[in-house]
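Residue-level structural notes
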Amino acid sequence: MKKDNAKKLTPEQQHVLLEKGTEAPFTGKWLYNKERGVYVCASCGAELFSSGTKFDSGSGWPSFFDANKKNIELKDDFSLGMHRKEVLCKKCGGHLGHLFDDGPTETGKRYCINSAALDFEKGLKDKKKKKN
Ligand code: FE
């Protein structure tokens, strides 16, 4: 990750994104956000998750059943004596959270993401609009 990007991050954002930290559950600013919009990487601004895929998992972290897969990367994580899938921002390499296979929808996925790794941009882009 570029250092000039990291400068604008708060200490907690740096802990999560750069040091693969995890914010305490039920403390993140986006946990209960129900506005329509796009969740972007707090460090580089890459579009990561749509509000339409957010659900309340009860875990205490923002949870999504799908992701903008072109901007995320998955990595095996064997820390803490577990095998989990780490979710990273593909653009900047920042740590976002983990992916589990117990999601509530047909995707079967639960992206468990730290609020500190995300910024939120209100309003949905109309993806049905034809590009000229
Ligand atoms: Fe990023």
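Here is a short report on the structure shown in this document. (Residues numbered from 1 in each chain as written. Predicted model: local features only at pLDDT ≥ 70, side-chain atom pairs only at ≥ 80, totals over all residues. Heavy atoms only, no water.)

**Structural notes on the environment of Glu86**
Structurally, Glu86 is set in strand E6 (residues 84-89). As for Glu86 and Tyr111, which are separated by 25 residues in sequence, their C-alpha atoms are 9.5 Å apart. For Glu86, the contacting residues outside a window of four places in its chain are Lys20, Glu73, Leu74, Lys75, Asp77, His95, Gly97 and His98. Separated by 2.9 Å, the side chains of Glu86 and Lys20 make a polar contact. Engagement of the side chain of Glu86 in a polar contact is seen with the side chain of His95, the distance being 2.7 Å. (Helix = DSSP H or I, 4+ residues; strand = E, 2+ residues; numbered from the N terminus. Contact = heavy atoms within 4.5 Å. Polar contact = N/O pair within 3.5 Å; in protein donor to acceptor, adjacent residues only side chain to side chain.)

**Observations concerning the environment of Lys90**
Locating Lys90 in the fold gives a position in the loop between E6 and strand E7 (95-100). When near neighbours in sequence (up to four residues on either side) are disregarded, Lys90 contacts Lys69, Lys70, Asn71, Ile72 and Glu73.

**Observations regarding unusual backbone geometry**
Look at Phe26: it is not a glycine, yet its phi comes out positive at around 65°. Relative to the assigned elements, Phe26 resides in the loop between helix H2 (11-19) and strand E1 (37-41). Non-glycine residue Leu80 carries a positive phi angle of around 60°. Position of Leu80 among the secondary structure elements: in the loop between strand E5 (72-77) and E6. Residue Leu80 is classed as exposed on the basis of its relative accessible area, which comes to 69%. (Buried < 20%, exposed > 50% of the residue type's maximum accessible area, 1.4 Å probe, protein only.)

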